[in-house]
Structure formats: C-alpha cells, structure tokens
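One-letter residues, chain by chain:
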Amino acid sequence: MASFRGLRLVFTVCCVCVLAAEAKYMVYNTSGGIVPGKLNVHLVPHSHDDVGWLKTIDQYYVGSNNSIQVACVQNVLDSLIPALLADKNRKFIFAEQAFFQRWWRDQSEGMKITVKMLVNSGQLEFINGGMCMHDEATTHYIDMIDQTTLGHRFLKEDFNVTPRVGWQIDPFGHSAVQAYLLGAEVGFDSLFFARIDYQDRAKRSSDKTLEVIWQGSKSRGSSSQIFTGAFYAGNYEPPTGFYYEFDSDSPVVQDDMDLFDYNVQERVSDFVAAAISQANVTRSNHIMWTMGTDFNYQYAHTWFRNMDKLIHYVNQDGRVNALYSTPSIYTDTKYDLYESWPLKTEDYFPYADRENSYWTGYFTSRPALKGYVRTMSGYYLVARQLEFFSGRKELGPTTDSLADALAIVQHHDAVTGTEQQHVANDYAKRLSIGYKESEEVVATALGCMTQASTSECKSLATKFMQANAPELSCPLMNISYCPATEVDLSRGKKLAVLVYNPLGWKRTEIVRIPVVNENVNVRDAAGQLILSQLIPIVNASIANTKFYASAYLGKSSNVSPKYWLAFTAVVPPLGFSSYVISSDKLGASVLSKQLLYTFEWSQSSPIEIGSGSLKLVHSGINGKLMHYINSRSMVNISLEQSYSYFTGYDRSADYQASGAYVFRPNGSFPVLSEEKVPLTVFRGPLFDEVHQMINSWIYQITRVYKEMEHVEFEFEVGPIPIDDGFGKEIVTRIKSKIGNNKIFYTDSNGRDFLERIRDHRTDWDLQVNQPIAGNYYPINLGAYIKDENSELSVLVDRSVGGSSIDDGELEIMLHRRLLYDDSRGVAEALNETVCIEKKCLGLTIQGKYYVRIDPLGEGSKWRRSFGQEIYSPFILAFSEQDDEWTNFPTHTFSAVDPSYSLPNNVAIITLQELENGNVLFRLAHLFEVGEDKDLSVMATVDLKRVFANKKINKVKEMSLSANQERDEMEKKRLSWKVEGSNTNERKVLRGGPVDPVKLAVELSPMEIRTFIIEFN
Ligand SMILES: [Zn+2]
C-alpha cells in the first residue's frame, strides 16, 4: 500500500508539471521594431557604473566592500552575456571601458568570440567609449581627449568599432567643449545626458526643446555641431515603477494566471500613461526610456524578463509600440524624420537640481587632488614626448600606467572631489604609481639624451641612469622639499640642472629650486656665470614642509633647505638646457634684500614692488594692495586683493547643506587679520616678493618679476578652522574699477571662453534664488572682465569655481572644508585632513593664481600663451656632479630644427609613440575667431622641421580620438538641420589637407588636428 500510494503521488505530481509547463511556457514576442504612425518607446537597457565613488574602482569591479554599497560590475557583465544570448532582440549598451577592460582580460577565447558576435550583431553596443564617463566642469580638454582616446583605440583594435553616441548621463552640467570637441570631433552623431538646471528643464519641457542641435563653439560653428538630448525627468532611470533590478520594489509584470496578483492590464496601462506623458514634451513620436541605473543588471535576467513581457503585452495592447533599442537606433530615427531642430549654443552650467541646490561647490572640492591631477596631466604630456625621443621600451618602464590613472581620475566622481575619502586616496595612489613609472621613463630619456649621440641611447640608457641618474624625485618641490637639490655644495660638489621645455616655442622663465648653501652660483651650458637670486625660506614654510613630507613620505629630510635659488632659464622648443650650480664666492647669487613693514604706527609713503615695467603699490598704512601700474602698456589702475570666506549652510533650512557637490553659502565674511598684518618685502634683481601672514591659516606671497607683466599670487590656505562649528569656503577677491556691467568670461575646459552674465541665462528667464552659488562657473584656464578701456584676467593652476559677484570684481574659490553631507549620495562631509599617527589637521593647500591687466583687446595673448605655460611648466631634473665640469656631453637639445619654432598660436598637445612604433600627434590652435587681432588667424606648422631628425614616411589625419580616419568620419557623420535660416553664418574655416610632400599642417582658430605619423 505504502508503495502504491507513493507511486500514484509521483504520477500526479509529474502530470501537473508536464501540464503546467505546456500550458504556461510563453514565447514573448520582442521582435517588432519601429512602427510608423505609433508612439514608439525605445527601451534602452543600460547600467551606470561609476569608475569609483563610494567604493574604489576595483572594489566596484570585484564586488567587495558591500557594506558600503552592493555593487559588482563583474556580475553585470557576467550575467549580461547569457541574457543577451537568450533572445536576439535584446540589446544593451555599455559605457565605461575601465570596467570593460578589466573584465575582458579575464575572459576565455570562447567567451571573447561570443562577445564579439554580440557586438557585431548590434546587441551589445559600446557607447561613449572612453575609459570613464568624464566630468565636464573640472576636467581639462587635453585630459578629456586623452582618456577618450585610450578607450576608443582599444575598441578599435579589439572590436573594430567606433562608438557613435556620447552618453554623459550623470555629469553635473555639460560643457561646450563636450559638445563640439568630445562630441562632434570624435565623430559622434548624438549626445545624451540627464542633468540640466531644473528651471531650464521645465522651460524645455514646456516648449519641447529638450532635444536640440548644439553648437558648442563660436569658432567652429556649424562644422562641429551635434544632436543633443536631455532626458525628460532629469535622471537616467526608467519611469517610476519600471525598475527591475533583482531587489527593486517596482511591481514586476505578473502574467501567470495560476498565481495571485496577476497584473498585466495594470502594468500595460501604467506603461502607456508614462509613455504619453513623456511624448507630450518630446518632438516626434519617438521617445527613449533609459532602463537601468547605478550598478544595475547584476542579475541581468530580471530586467530582461520584465522588459520582454512589457514589449509583448504593450504591443498586444496596441496603443503604443515598445521595442528594444539603443541610443544609436533612436538617433537614426530622429535623423530620418529629417525635421529641423532648435539650436543651442554655449553650455549647460551651472546645474541646480532644485531651488537652493546649485552644484557649484564641486568646481573647487578637493583642491589638492585637483591640483595633483593637473600637475600629472602636464607631466604625462612631457613623459610621452621624452618616451618618443628615446624610443618606447617594449619591456617598460612606460607611461601607460600614468595614462590609465589619469584616465580614471577624470571620472565624474573623481576629479570632481565628490567621492568618499578612501576613494580619493585610491585615485591619488594610482596617480602616484603612474608617476613613479613615468619618472623612470623621463629620467632614462633625459639621461640618454645627454649622451653624445642618441644611437648610444638604447644600450647606455639604463647604465647611465643607475650610474648617474638625473633624479627627478621632487614631486613635493612646491613645498620646498627636494632631496635632489639639497646637496651640500660647500665641499666642491656641483649640481647639474636639466630644464626641459615641452612647448613648441622657446621660453625664458625663472626657475626656482631649494638649496642649503648661501654662496652659490649658476652657470649656463657655455660655462658663463648667470644672474641668480636667493630668497630665504621662511619659518612657516619650513614647518609645513616637515609636516607634509612626513605625512606623505613617512620621513622628512634631515637638512632643511635655507633658500630658494632662482635664475633665468632659456630653453629651446621641445628641448632642454642645462645649468650647473656650484659654490664659490665668485659671482655668487644675489641675496634678496629683506625689508619689514610692521605698521605699528602710520607710515606715510606707499610701498612699491617691482623693478620692471610692472609695479604694484601697497598702502603704507595697512599694507594692502592698492595700485597696478604698467609703464609699458600705460595701464594705471587701482587694484585690491583680499580673502573672504562663506560659511557653509547646515541642514536646518530645507535640508540643503553646503557639501562636496552643492555650494550653499550662509553669508560671506571678510578674512580679518588677527592683528595688523606685517608685510615683508624681498627685493632682488629677478623679482620682488611680498610676504603676508594674512591670519593664522592664510599665508600669501605676491611676486612681481622684472621681465614679466603679471602678478603671481602664491597662497597657503589651511588648516581651515572649524572649532566654531561652521564649515568654511575660502575665496580670494580681486577688485578693480573696471565697469564690466555684470558680464564676465570663463573658459570651457581650458579652451573656448564663454560670456557669463550675472543673474542671467541665455535660454530662460532665471529665477534668482542663490545670488552667489547660482553665479558660479567652472574655471580651468581663467576668467576675465573688461570695459571699454581695459581687461582684468585671472589664470589658475587647477580647476576652481569662480564668479564676478560685483562689478569690477573677480573671485576664485580656493578651498572648502565642510561639516555636513549635502544629501547627494556621497554620505560624507567634505572635511579633508592630513594625519601623522593620531595627529590630524585640516588639509592645507598651496597653489598659485596669476593676475594681469591689459588695455582692452590685448589680454588674450597673455591668457593663451601664458595659460599654456602654466599647463606645461618646465620639468627639472637634477644630477650631482663631482667632476670639474659636467660628465655628460650634450648640454642642450631641441627636437625641432634649430631655426624653427611653432607659431605662437599653436601648441603640441599630444606627441606619443604608439605600441606599433607610429606616432600620435595633435596640434591645437589656441585662439578663437576674433579673439586677437594678430593671432586669431590661420597658422601653419611645418612637420618636417618639427621632426628635424626624423624622416616622415606617411601622415594620416584622424578623428580627435584617433580611432578612424578623418575623411571616413566626415563621410559617416549625420548632418543635422537647424531651425530657422542659418544662411548668415560665417563660413567656418578649416585647415586644408596635408600635402604629402610639403607636410605643412594648417590650423584655423580653435581647430585641433590629430595625426598618425609613420617614420622611416
Ligand atoms: Zn555617476
């Protein structure tokens, strides 16, 4: 019995399963494409994978540290492939190549073949294609190009694909440079993103202008425009209720009638309603739904299962049409409509997601990291040049690890300063590792180039380096820590200094190095004594050096350098000069004359600084800067400079604190000196310096060079005090009498300058609710104001935020220390500290900015050429010498023809030997149309003379990211129509094709041209 009953039970159970399987197995019809005449809902499956934010990039990839955030990109890619294979209509887009490359390296040959098949069939599309989704406010255009090139070239080499669409869905506002350079010039047909100002979005929704043709550059005009779509809900997520991550709480599509909670009609109706509300603000009957969000598709099947059902039942219902799609397909349908689209110019900054929530704090957040990124960016450019001159070493060291680190740190939660502290540390660590390896490349190359002939290079290089390395270990030279220069020269030793100039024109600049001896002199390569100046290193600076050297390196030097030694270096284009420092009284450096002004009682006469054409006048009563006088240009204008701070809002009002992203000031306060600020003046033959201890946490040096016409402000700010319970954001203000009438100019990623009008937006009627934060703009190169007589320019050494809040003024935010999280996800207050064991202090930052006043129309020459020199400073290398004279035969070098120099309006922004021995070469015209009367003109670069020692075999012009030939890109590119007649547009100039015999490259204003050069 027992056995009989058992049998029957088994039979019954089986019966049920068979019946059930037969009855319920459903094939969902996902095959229908676009249906003309219907509202088409393009479902675009995607995962937004931050290349570091709350966790580091590697933690996100492997899925560790899940107590912070459950996220594992490896799971996304692992589960995605079978999900795509299960139905050929399913599609997916993937953006971040830094993650994809990590995964790709681990795959079997079989898996690689499968993935390539999915890519070829269009089921898996690489979108954007850079290593990360870079930020657009705090990034420099050269870094944006480099990181995009790195991703794009990998995709070209491994998959033979060129991404078609820009996908900048999360960055916090969007730059003009993104539109025309990183969009149109890389060959993208469209660009999509989520975050634009909430007022702008409301206006664009109401007049159906979320989708536009964007012309980012006045100079490049319609030649570099791109179809651009801002998402309608202001995020990159699906409509509410359609989230299908395995742990989402949206109602799944339950279509099993045998189970409770069947909801097909309900879900279909919700779908149709959401589609119609989006269609109401969108032109044409095509809308896009971004099906995914941060780190979604960790179990890809839940998303696809629900989307399969939605497509099936929604299309059965028939009111609207749903389909699996990609932004490329969506773009093509928009293009095929052949409608014309509204025109958008300028940019999408600043971004506010609601009232009182302007994301303008991150323009300055983590200024030390931002400074480090900029320094490394300039260094990477140098290291690649030198790697090319001495020959890329197959077995390393190479510049590749620095390339990788720099690429990742351009991410929109990296250089922005909006990541958690441990993640910021991870980025800095990667940069430091990359720097170390590149430093070896640089040291070896310079060592080798100082040999008699470069043919000896490859064999001698290593030996030379070990025997007599021109050490470059001075990344902390800004705080006067540089063991390489701390040689005691009093015992007959000498120090050779190699000064390398990465720019294509000859430069004459002051070089400064810390030294320990007083009686030193400097000789040039010909053995001639040259004028040099010593400035004592002040005590405040020595204390900082010791603390930071110990905190960063775990040690500090035994000897403290006593002086800065300064001399004038003259360096040929793309080359070096060498100088020798030794100790004897003959022709010794001039010790700066030190004068102290204490203002204990009123002094009558003003204090004048500067021995060249530029003079600054400080008040004899309180030491404050009063006047700027340039006897050459006849500019004579009153000028003040001061520090202020904003106290950061706490969360008491509408829960919006000032934080890593958001700048929400609660009143502005001048930094008052704790007592009358004494002023110490150092005068010397090369430059004068004014030292001021503004208060216990701001130290400033104002420098005026004899041969230059700008003022250099060097600042140390920190530790910002917080013991009063308030976070603070420190700004410096430059005040003049220039009547700029609310108008000021800030750069876009270090390239085009855009006009800003206080309390005004070009695209809508601005409701002003944050008169300071809402007028802040990102600055990477500089800002200026002007009136009918003069222009006042400020240039910066890293990304900062700034504005002109009152007429005549420019202000730059230098540092921020805040006590509350601003509720945008990072979940930490921006309160950077630096610790030695248990002793932690608020982070002190050090940096420079530069100010110059010119007669109207004459400022751009300085902004552009000196701006390029700030980006590409001289690189110094040192070597101790025992000999009578130096023990290397080549004392000066230039890669270009000795009688040649690049035109003043052109910079080499890439010179890089690729793995196959070819060279990636980029030239950038530095001026906009109409910016300068002499330099906003077509420029010509003679390649034969740039590569004087090489024979060029072939030159191929490429797209900006060098993943396709320029001609090919131009042929494929969609040409969009703009509403209204555009016939008045000035013809956009472009340099002509490069003649293979003449090899002359023409560049028109703001043009960047990219080449692959093959040498014999
Ligand atoms: Zn993101």
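Conventions used here
Residues numbered from 1 in each chain as written. Predicted model: local features only at pLDDT ≥ 70, side-chain atom pairs only at ≥ 80, totals over all residues. Heavy atoms only, no water. Donors = N, O, S within 2.8 Å, 3.2 Å for Na, K, Ca; no water. Tetrahedral: all angles 85-135°; square planar, octahedral: opposite > 155°, others 65-115°. Helix = DSSP H or I, 4+ residues; strand = E, 2+ residues; numbered from the N terminus. Buried < 20%, exposed > 50% of the residue type's maximum accessible area, 1.4 Å probe, protein only. Pairing = 2+ DSSP bridges. Axes fitted to C-alpha atoms, helices over the stretch in contact; angles between N-to-C directions. Contact = heavy atoms within 4.5 Å. Salt bridge = Lys/Arg side-chain N within 4 Å of Asp/Glu carboxyl O. UniProt positions renumbered as here; feature names shortened; annotations may be inferred. Left-handed = near helix turned anticlockwise from the far one by under 90°. Nonpolar A, V, L, I, M, F, W, Y, C, P; charged D, E, K, R; others polar. Domains from an automatic or database assignment. Buried area = accessible area lost by both parts, 1.4 Å probe. Disulfide = S-S within 2.5 Å. Phe/Tyr/Trp six-rings, centres within 6.5 Å; stacked < 30°, edge-to-face > 60°. Lys NZ or Arg CZ within 6 Å of the ring centre and 35° of its normal.

A. Structural view of the coordination of the zinc ion. Coordination of the zinc ion by the protein is provided by His-48 (NE2), Asp-50 (OD), Asp-170 (OD) and His-412 (NE2), with metal-donor distances spanning 2.0 to 2.1 Å. For the zinc ion, the 4 donor atoms in the first shell make angles of 90 to 159° at the metal, so the coordination geometry reads as irregular. Read in sequence order, the donor residues for the zinc ion give the motif H-x1-D-x119-D-x241-H. Of this pair, His-48 sits in the loop between strand 1 (40–45) and helix 2 (57–62) while Asp-170 sits in the loop between strand 4 (165–167) and helix 7 (176–180); the two residues are 122 residues apart in sequence, bridging distant segments of the chain. Each member of the pair, His-48 as well as Asp-170, carries the same accessibility label: buried.

B. Geometry of the sheet that holds strand 46 (residues 919–925). Reading across from one edge, 45-46-51-48 is the order of the 4 strands in this open sheet, with antiparallel pairing throughout. Single-partner strands in this sheet number two, and they are strand 45 (906–913) and strand 48 (952–958). Taken pair by pair, the neighbouring strands of this sheet meet at an average axis angle of 25°, ignoring direction. Here strand 48 pairs with strand 51 (residues 1008–1015) via 6 bridges, running antiparallel. Looking at strand 51, one finds that Lys-954 is bridged to Glu-1014. In this fold helix 6 (residues 141–159) packs onto strand 45, strand 46 and strand 51, with an angle of close to 150° to the strand it touches most, strand 46.

C. Focus on the pattern of salt bridges. Under the defined criterion, the tally for this structure stands at 57 salt bridges. Residue Glu-185 pairs with Arg-966 through a salt bridge whose shortest N-O separation is 2.7 Å. Pair noted here: Glu-185 is in the loop between helix 7 and strand 5 (190–193) and Arg-966 is in helix 19 (residues 966–972), with a separation of 781 residues, a long-range link. With respect to class, Glu-185 is no different from Arg-966; both count as buried. Here the residues in one salt-bridge network are Arg-512, Glu-689, Arg-703, Glu-712, Glu-714 and Lys-848, joined through shared partners.

D. Summary view of the sheet that holds strand 34 (residues 753–757). What the 10 strands build is an open sheet, ordered 22-28-29-30-31-42-37-36-33-34; its pairing is antiparallel. Where the open sheet ends on each side, the last strands, each with one partner, are strand 22 (593–597) and strand 34. Across the sheet, the mean angle separating the axes of adjacent strands is 20° when strand polarity is ignored. Where strand 28 (residues 679–683) lies against strand 29 (residues 687–695), 5 bridges are found, and the strand directions are antiparallel. When the sheet's bridge partners are listed, Leu-679 is paired in strand 29 with Gln-692.

E. Spatial organisation of the UniProt feature "domain: Glycoside hydrolase family 38 central" (unreviewed entry) in the chain. When the UniProt feature table is mapped to this numbering, "domain: Glycoside hydrolase family 38 central" (unreviewed entry) covers residues 357–431. Between the first and last C-alpha atoms of residues 357–431 the distance is 32 Å; the span itself is 59% helix and 3% strand.

F. Quick look at the packing of helix 12 (residues 367–390) against helix 14 (residues 421–449). Here helix 12 crosses helix 14 at 35°, and the two axes come no closer than 9 Å. Handedness of the helix 12/helix 14 crossing: left-handed. Residues Tyr-372, Val-373, Met-376, Tyr-379, Ala-383, Leu-386, Glu-387, Phe-389 and Ser-390 of helix 12 form the contact with helix 14, whose own contacting residues are Ala-428, Leu-431, Ser-432, Tyr-435, Ser-438, Glu-439, Val-441, Val-442, Ala-445, Leu-446, Cys-448 and Met-449. The residue makeup of the contact of helix 12 with helix 14, split by class, is 16 nonpolar, 3 polar and 2 charged.

G. Looking closely at the domain arrangement of the chain. Partitioning the chain into domains gives domain 1 (40–339), domain 2 (367–452 + 463–592 + 872–894), domain 3 (594–731 + 807–856) and domain 4 (906–1015). Spacing between the C-alpha centres of domain 2 and domain 4 amounts to 32 Å. Taken together, the contact pairs 13 residues of domain 2 with 15 residues of domain 4. With both chains or domains summed, domain 2 and domain 4 bury close to 1200 Å², and 60% of this area falls on carbon and sulfur atoms. Taken as a group, Arg-384, Phe-388 and Arg-392 account for 52% of the area that domain 2 buries against domain 4, more than any other trio of residues on that side. Inspection of the domain 2/domain 4 interface yields 1 salt bridge. At 7 residues, the largest contribution of residues to the side of domain 2 that touches domain 4 is made by helix 12.

H. Region of the structure containing the state of the cysteines. Within the structure shown, the criterion is met by 1 disulfide. Note on cysteine connectivity: Cys-835 is disulfide-linked to Cys-840, with sulfurs 2.0 Å apart. Of note, the bridge from Cys-835 to Cys-840 carries an S-S torsion of about 105° and is right-handed in sense. Residue classification places Cys-835 among the partly exposed residues on the basis of a relative accessible area of 33%. Residue class for Cys-840 comes out partly exposed when judged on its relative accessible area of 41%. This cysteine, Cys-72, is not joined by any disulfide, and Cys-132 carries the nearest cysteine sulfur, 20 Å off. Classification of Cys-72 as buried rests on a relative accessible area of 6%.

I. Local environment of the packing of aromatic side chains. Counted according to the given criterion, the structure contains 61 aromatic pairs. Ring geometry for Phe-349 versus Phe-363: centroids 6.0 Å apart, planes at 85°, classification edge-to-face. Taken together, the residues Phe-349 in the loop between strand 11 (343–345) and strand 12 (352–354) and Phe-363 in the loop between strand 13 (357–358) and helix 12 connect sequence positions 14 residues apart. Both residues of the pair, Phe-349 and Phe-363, count as buried. With a centroid separation of 5.7 Å and 25° between ring planes, the pair formed by Phe-576 and Phe-893 is classed as stacked. Placement of the pair is Phe-576 in strand 20 (residues 575–583) and Phe-893 in strand 44 (residues 892–894), with a sequence separation of 317 residues. For the residue pair Phe-576 and Phe-893, the accessibility class agrees, reading buried in each case. Among the aromatic residues, those joined into a ring-pair cluster are Trp-167, Phe-192, Phe-227, Phe-231, Tyr-330, Tyr-335, Tyr-338, Trp-341 and Trp-976. The aromatic ring of Phe-159 is capped on one face by Lys-116, whose charged end is 6.0 Å from the ring centroid.

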